[in-house]
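The residues making up each chain are set out below.
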Amino acid sequence: PEGQVIKGIHTMATISAFQSACSWNRKCLLSSLWCSAKLLPKPRVLLSAFIPFSEQASGQRRTFAPCTEIHTSAVNYAGHNKWSKVKHIKGPKDAARSRMFAKLSIMLRLAVREGGSNPEFNTQLANIIEQCRAKNMPKVSIEAAIKGAKSKTSTYSLYEGRGPGGSSLLIEVLSDNNSRSHQELKSILNKNGGAMCDGARHCFQKKGVVTVNGQDKDGQEIQLEHALELAIEAGAEDVKQAEDEEEKVILKFVSDMPSLRDVRERLNTLGLLTITTGPEFIATTTVQLTDTDLEAAFCLIQRIDEYRDVIKVYDNIESQG
């Protein structure tokens, strides 16, 4: 009986020591996890865990022996993996959306500058506001851009340039610092196969353009042949088929500036959905580019268009295929 009691005491002491060791290891493990999470990019921490090797009945002396190594790493919080998968998709889309809103803000400021802040008396402003709403631009941002046009002193400029393959470029800019914009755009052109130069304006003519949805009110695509008939009926000089930034088909009805409002009203009467109405520069002389020059020109125009003060970039590159 006495031996069994002693054996039981040894067993209880061993269990107690084991629990104590587990508690100690748990504290060390949690501490290590916390530190490794804070000391990124440290990938992992090697922590030696111990279990009781022997325990005297008196409980006065404990010895521990290393058992194994526990591998720990920084905590990956919920959503980390999801973000790593979508950031290359969501990031560019968000960036493009921000650039689009920035361009719309510039267009709003320019419209206010030219015709006032009341859309009831400023057709161009009313059209741009409708375009902003169609692109889901927040109402707060629209109002801020209109108010900002009154408080900021901005100047409209038209820069001429040359692109790869002898292409001509016109760059519309609205800036509060013309000297800065000119220098930075000149640098963009020089670094991407272009240059600032005079003479490009002669390749373009300023016209009134009514841009409409490529589908009618019934959702049917408008064929180019039918669009030409509508152009004649509305009093437009020409119609061109294009794509917007979302690769949706749009139609551009071209007219002289004095007839722009009448053409727009007739197109609306004919059942077409107007997107924008305003002046644009239409190329009168076009150039054909090789595939290499075409790719270089695309990159250059993209860089220019991304510049914060640019309203729009016009080119005289002939469409391929």
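What comes next concerns the included structure. Because the structure is a prediction, the values reported are computed rather than measured.

About the cut-offs
- Residues numbered from 1 in each chain as written.
- Predicted model: local features only at pLDDT ≥ 70, side-chain atom pairs only at ≥ 80, totals over all residues.
- Heavy atoms only, no water.
- Axes fitted to C-alpha atoms, helices over the stretch in contact; angles between N-to-C directions.
- Helix = DSSP H or I, 4+ residues; strand = E, 2+ residues; numbered from the N terminus.
- Parallel < 35°, antiparallel > 145°, perpendicular 65-115°, else oblique.
- Left-handed = near helix turned anticlockwise from the far one by under 90°.
- Contact = heavy atoms within 4.5 Å.
- Nonpolar A, V, L, I, M, F, W, Y, C, P; charged D, E, K, R; others polar.
- Buried < 20%, exposed > 50% of the residue type's maximum accessible area, 1.4 Å probe, protein only.
- Core = buried A, V, L, I, M, F, W, Y, C linked by side-chain atoms within 4.5 Å.
- Phe/Tyr/Trp six-rings, centres within 6.5 Å; stacked < 30°, edge-to-face > 60°.
- 1 Å grid on protein atoms, 1.4 Å probe; cavity = no way out; pocket = protein on both sides within 12 Å on 5 of 7 lines; lining within 4 Å.
- Points joined across faces, edges and corners; volume = space filled by probe spheres on them.
- Arc of directions from axis to C-beta.

1. Section: the packing of helix α5 (residues 178-191) against helix α8 (residues 291-305)
Part 1 of the reasoning: Contact pair α5 / α8: the axes reach a minimum separation of 10 Å and the direction vectors enclose 160 degrees. Relative to α8, the element α5 lies roughly antiparallel. Here α5 and α8 pass one another in a crossing that is right-handed. Across from Leu185, Ile188 and Leu189 in α5, the residues of α8 making contact are Leu300, Arg303 and Ile304.
Part 2 of the reasoning: The residue makeup of the contact of α5 with α8, split by class, is five nonpolar, no polar and one charged.

2. Considerations on the environment of Ile232
Part 1 of the reasoning: Mapped onto the secondary structure, Ile232 falls in helix α6 (residues 224-234).
Part 2 of the reasoning: A residue is classified by how much of its surface remains accessible, and Ile232, at 69% relative accessible area, is exposed.
Part 3 of the reasoning: Residues Ile232 and Val263, spaced 31 residues apart in sequence, show a C-alpha to C-alpha distance of 10.0 Å.

3. Quick notes on the nonpolar core
Part 1 of the reasoning: Ranked by internal contacts, the top residues of the largest apolar core, which has 17 residues, are Ile171, Leu185, Ile304 and Val310.
Part 2 of the reasoning: Of all the elements in the fold, those that place two or more residues in this core are β4 (168-175), α5, α8 and β10 (310-315).
Part 3 of the reasoning: Here this core takes four residues from α8, the largest share from any one element.
Part 4 of the reasoning: Excluding residues within four positions of it along the chain, Ile304 makes contact with Leu169, Ile171, Leu185, Ile188, Leu189, Val310 and Val313.

4. Details of the packing of aromatic side chains
Part 1 of the reasoning: One pass over the structure, following the stated rule, counts one aromatic pair.
Part 2 of the reasoning: Residues Phe281 and Tyr314 carry aromatic rings whose centres are separated by 5.4 Å and whose planes lie at 75 degrees to one another, so their mutual orientation is edge-to-face. Here Tyr314 lies in strand β10 and Phe281 lies in strand β9 (residues 274-283), a separation of 33 residues in the sequence.
Part 3 of the reasoning: Classification of Tyr314 by relative accessible area gives buried; the value is 7%.

5. Observations concerning the layout of surface pockets
Part 1 of the reasoning: In this structure, the second largest pocket spans a volume of roughly 250 Å³.
Part 2 of the reasoning: Taken together, 14 residues line the second largest pocket, and the ones lying closest to its centre are Thr123, Gln124, Leu260, Arg261 and Thr277.
Part 3 of the reasoning: The set of elements that each furnish at least two residues to the lining of the second largest pocket consists of α3 (123-134), α7 (260-269) and β9.
Part 4 of the reasoning: The element best represented in the lining of the second largest pocket is α7, accounting for four residues.
Part 5 of the reasoning: Each residue belonging to the lining of the second largest pocket can be placed in one class, and the counts come to five nonpolar, six polar and three charged.

6. Remarks on α7
Part 1 of the reasoning: For α7, the full list of buried residues reads Leu260, Val263 and Leu267. One side of α7 holds all its buried residues, which, seen down the axis, span an arc of 65 degrees. The exposed residues of α7 that point more than 90 degrees off its buried face are Arg261 and Thr269.
Part 2 of the reasoning: Considering only its buried residues, α7 is in contact with β6 (204-213), α6, β8 (249-255) and β9.

Just distances and angles here, no functional claims.
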